[in-house]
Amino acid sequence: MKEKDNAASTEGTESSVTHATPLKRDATYDHRAQQAALGIELHHTDGRTTQAVLHLTPDQVELYAIQFEQLIDKRQRALEAGQP
C-alpha cells in the first residue's frame, strides 16, 4: 500500500505505510451514512505520520467487537497463567 501525502511531503516522493494506530478519540456513528468512523494515524516508512479516518459498516463493527472480545479474553487468560 502506497500513501502520498502532498501536504506533509516536501520532496513529493511516495512512502509506504507501515502500520496504522487508533487515535485516542471516541469513535463516532453516522446514522444517515450507516457507518462508524474511527480516527487513525498512519505511520510511514520515512518516519512521517498522517491522520486518516477508518470507516466501518455495522457488520464490520459487530465482527471486530467479537474479535476484540476474544482478544481480551486471551490476554486475561495469559495474565492469569503468569504470562506477560
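Just so it is clear, the model here is predicted, and its values are computed rather than measured.

## Here's the deal with the layout of surface pockets
- Its boundaries defined by the atoms lining it, the largest pocket holds a volume of some 240 Å³.
- For the largest pocket, the full set of lining residues is Pro22, Ala27, Ala36, Ala37, Leu38, Leu54, Leu56, Val61, Tyr64, Gln67 and Phe68.
- For the lining of the largest pocket, the secondary-structure elements that each account for two or more residues are strand 4 (35-44), strand 5 (49-56) and helix 1 (58-80).
- At four residues, helix 1 tops the list of elements feeding residues into the lining of the largest pocket.
- Of the residues that constitute the lining of the largest pocket, the class distribution is ten nonpolar, one polar and no charged.

## Details of the pairing of strand 4
- Where burial is concerned, most of strand 4 is hidden: seven out of the ten residues are buried.
- Here strand 2 (residues 15-22) pairs with strand 4 via five bridges, running antiparallel. Its bridge partner lying in strand 4, Val17 is registered against His44.
- Relative to strand 4, strand 3 (residues 28-30) runs antiparallel, the two sharing three bridges. Within strand 4, the residue paired with Thr28 across the bridge is Ala37.
- From the end of strand 3 to the start of strand 4, which pair antiparallel, there are four residues, and Gln34 there has a positive phi angle of about 55°.
- Sheet topology places strand 4 next to strand 5; eight bridges connect them, and they run antiparallel. Of the residues in strand 5, the one forming a bridge with Glu41 is Gln51.
- The turn linking strand 4 back onto strand 5 is made up of four residues, and Gly47 within it adopts a positive phi angle of 95°.

## Notes on the pattern of salt bridges
- In the structure shown here, the tally under the stated rule is one salt bridge.
- Its salt-bridge partner being Asp46, residue Arg48 comes within 2.9 Å of it at the nearest N-O pair.
- By relative accessible area, which is 14% here, Arg48 ends up buried.

Procedures and definitions
Residues numbered from 1 in each chain as written. Predicted model: local features only at pLDDT ≥ 70, side-chain atom pairs only at ≥ 80, totals over all residues. Heavy atoms only, no water. 1 Å grid on protein atoms, 1.4 Å probe; cavity = no way out; pocket = protein on both sides within 12 Å on 5 of 7 lines; lining within 4 Å. Points joined across faces, edges and corners; volume = space filled by probe spheres on them. Helix = DSSP H or I, 4+ residues; strand = E, 2+ residues; numbered from the N terminus. Nonpolar A, V, L, I, M, F, W, Y, C, P; charged D, E, K, R; others polar. Buried < 20%, exposed > 50% of the residue type's maximum accessible area, 1.4 Å probe, protein only. Pairing = 2+ DSSP bridges. Salt bridge = Lys/Arg side-chain N within 4 Å of Asp/Glu carboxyl O.

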